[in-house]
Amino acid sequence: MKKALFLDRDGTLVVDTHYLYKAADVQLIPGAGEALHALLKAGYLLFLFTNQSGIGRGYYVLDDALACNRHMFMMMGFREDPFIETCIAPETPEDQAVYRKPSPKFILEMCEKYQLDPQNSWMVGDKLCDLEAGFNAGIRSAFVQTGKASDTDPHEFLREHGIPVYAHILEFVEQL
Ligand SMILES: [Mg+2]
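Residues numbered from 1 in each chain as written. Predicted model: local features only at pLDDT ≥ 70, side-chain atom pairs only at ≥ 80, totals over all residues.

Nonpolar side chains tend toward joint burial in soluble globular proteins. The biggest cluster of nonpolar side chains holds 41 residues, and the ones touching the most others in it are L5, F6, L7, F47, I107, V124 and I169. Here the element with the most residues in this core is helix α5 (residues 128-137); it accounts for five residues. Once you skip the residues sitting within four places of it in the chain, L5 turns out to touch L39, Y44, L46, F47, W122 and V124. (Core = buried A, V, L, I, M, F, W, Y, C linked by C-beta atoms within 7 Å. Buried ≥ 20, exposed ≤ 12 C-beta atoms within 10 Å, placed from the backbone. Helix = DSSP H or I, 4+ residues; strand = E, 2+ residues; numbered from the N terminus. Contact = placed C-beta atoms within 7 Å.)

Before going further, it helps to spend a moment on the packing of helix α4 (residues 105-114) against α5. Running from amino to carboxyl end, α4 crosses α5 at an angle of 45 degrees, the nearest separation of the two axes being 8 Å. Considering the angle they form, α4 stands oblique to α5. Crossing hand, α4 versus α5: right-handed. Of α5, the residues touching α4 (which contributes I107, L108 and C111) are A133, G134 and A137. In terms of residue class, the contact of α4 with α5 is made up of five nonpolar, one polar and no charged. (Axes fitted to C-alpha atoms, helices over the stretch in contact; angles between N-to-C directions. Parallel < 35°, antiparallel > 145°, perpendicular 65-115°, else oblique. Left-handed = near helix turned anticlockwise from the far one by under 90°. Nonpolar A, V, L, I, M, F, W, Y, C, P; charged D, E, K, R; others polar.)

Encoded structure:
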């Protein structure tokens, strides 16, 4: 079975600038590129899993989110997309959630498609919904402190489920 990382984007790999949609506004979290290169070298399959309710709200379109992703890969020194698959969930919190985190649907589909080992697969993110998505899918979760303050406090969930906390994505990767 294969090991994998499901990575949130905003607040985990790039600075959460609130409804990021312009490629020129993408700012990497320090060490994020190094972390992804190290993960690939260590044999992890990488998946990008990002809620983008700005699409559902009509603030921007899917192509804007994809352009930001491409700019992120380029800034990280990748010539090609390092993610084996990407899920951009466009729903707003008011919509019926299909892929929107905390739904585990994307993770469950990928676990089956790529025969992932849940004990060696992680969802990493800066918000409660990231941790819940990983938990709901039966894989492991890790929290990074590079996001901005959220209206949903993750601390009770972190304590209750013994989820590890890291200063940033590179710190998480270095202890794997
Ligand atoms: Mg985030």
